[in-house]
Amino acid sequence: MKVALVGPPGSGRATHATAIKEAYAPRQICYLNMTDLMRRAVAERTPNGRRIELANRDGLLLDDDAYVAVVQEHLQRGGFDTSSGTGPGQTHPPFKAQAPTTTIEPDACAAGFILDGFPRTVTQLKLLEQSIGGALDGVIQLELEDERVLDRVSRRWVHKASGRVYHDRVFPPRVPGKDDLTGEPLTQRHDDDPEVVKRRLTRHKEQTTLLRRFLSGDTKESTESASSEGRRSTPTAWLDVDGNGPVDTVRQRLLAALVSVEASSGRRRQRSWKFW
């Protein structure tokens, strides 16, 4: 099973990460969070980690192939077969991790992966599929109203070292302003400023619309891609999951969507579902 999980900022993907890991880790389907992968690459001083570090330092946009190379490296570590793939993993020097900060079990990704927060654009999708040698089985989008996004994000606090996220109302820290595990101070990210969030929402909607149209075959580019590469004969399913409501309810919707993709993996499937 090969799945991407996307959604606007504050849609709650990280909130459900533990439940997803617990459900799929025993089946050798790994859950990979894109932000965590980037952080690990920098910490391990890999070649692409250095590219990320330099881009952040200089305020530059990171090339799409660097994102894909980071994903491919972790999939290979987890036992996912990318031998039939081409692209970023073969056009840049191999990863030579030094003093890894985290480990992944050798067979953790042997049966597939759930990739959180990537791909976000058509270009990233095409590069990812080239690198793994096949199409994704599904893209799951957590949907949330703009007003709720703004409320969630503006009240969000982060422990910078670990990436743990808190929320003033929904998931507050035991001690205000302090991380539960370390007692270190929490911060609010620049990206969580309401005006910045509004711009991010606009960009997310534009990118998601193009990505969805491409996967459905509703663009000239996707038609040409299908005829030249033969990867859209079995369409990648698109699943919308309502992110509004109690955490447990949303989690059940999300897990149901994953079950639907897993059940139809490798067979002709519906192009889209909604889980409300």
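Anything mentioned here points back to the structure above.
Thresholds applied
Residues numbered from 1 in each chain as written. Predicted model: local features only at pLDDT ≥ 70, side-chain atom pairs only at ≥ 80, totals over all residues. Heavy atoms only, no water. Helix = DSSP H or I, 4+ residues; strand = E, 2+ residues; numbered from the N terminus. Expected span 1.5 Å × (residues − 1). Buried < 20%, exposed > 50% of the residue type's maximum accessible area, 1.4 Å probe, protein only. Disulfide = S-S within 2.5 Å. Phe/Tyr/Trp six-rings, centres within 6.5 Å; stacked < 30°, edge-to-face > 60°. Lys NZ or Arg CZ within 6 Å of the ring centre and 35° of its normal.

A. Region of the structure containing helix 4 (residues 64-77). Between its first and last C-alpha atoms helix 4 spans 21 Å; for 14 residues at 1.5 Å apiece the expected length is 20 Å, and the two agree. Those residues of helix 4 that fall on the buried side of the exposure criterion are Ala66, Val68, Ala69, Val70, Val71, Gln72, Glu73, His74 and Leu75. One or two positions beyond helix 4, positive phi appears at Gly79, with a value near 90 degrees.

B. View of the state of the cysteines. Taken as a whole, this structure holds one disulfide when the rule is applied. Through a disulfide, Cys30 is tied to Cys109; the S-S separation comes to 2.1 Å. Across the disulfide from Cys30 to Cys109, rotation about the S-S bond amounts to roughly 110 degrees, and the bridge is consequently right-handed. Note that Cys30 is positioned in strand 2 (residues 29-33) and Cys109 in the loop between helix 5 (88-91) and strand 3 (112-116), a separation of 79 residues in sequence.

C. Seen up close, unusual backbone geometry. Each neighbour pair has its own omega, and for Phe118 with Pro119 the value is 0 degrees, a cis peptide bond. Backbone geometry at Gln28 places phi at a positive 60 degrees, although glycine is not the residue there. Examined against the element boundaries, Gln28 turns out to sit in the loop between helix 1 (17-24) and strand 2. Judged by its relative accessible area of 35%, Gln28 falls in the partly exposed class.

D. Quick look at the packing of aromatic side chains. Throughout the structure, instances matching the rule amount to three aromatic pairs. Plain terms: the ring middles of Phe80 and Phe113 are 5.3 Å apart, the flat faces sit at 80 degrees to each other, and that makes the pair edge-to-face. On the criterion of sequence distance, the pair formed by Phe80 in the loop between helix 4 and helix 5 and Phe113 in strand 3 is long-range, its members being 33 residues apart. Each of the two residues, Phe80 as well as Phe113, counts as buried. Ring geometry for Tyr166 against Phe171: centres 5.5 Å apart, planes inclined by 5 degrees, an arrangement best described as stacked. For Arg27, the ring lying beneath its charged end belongs to Tyr24, and the centroid distance is 4.6 Å.

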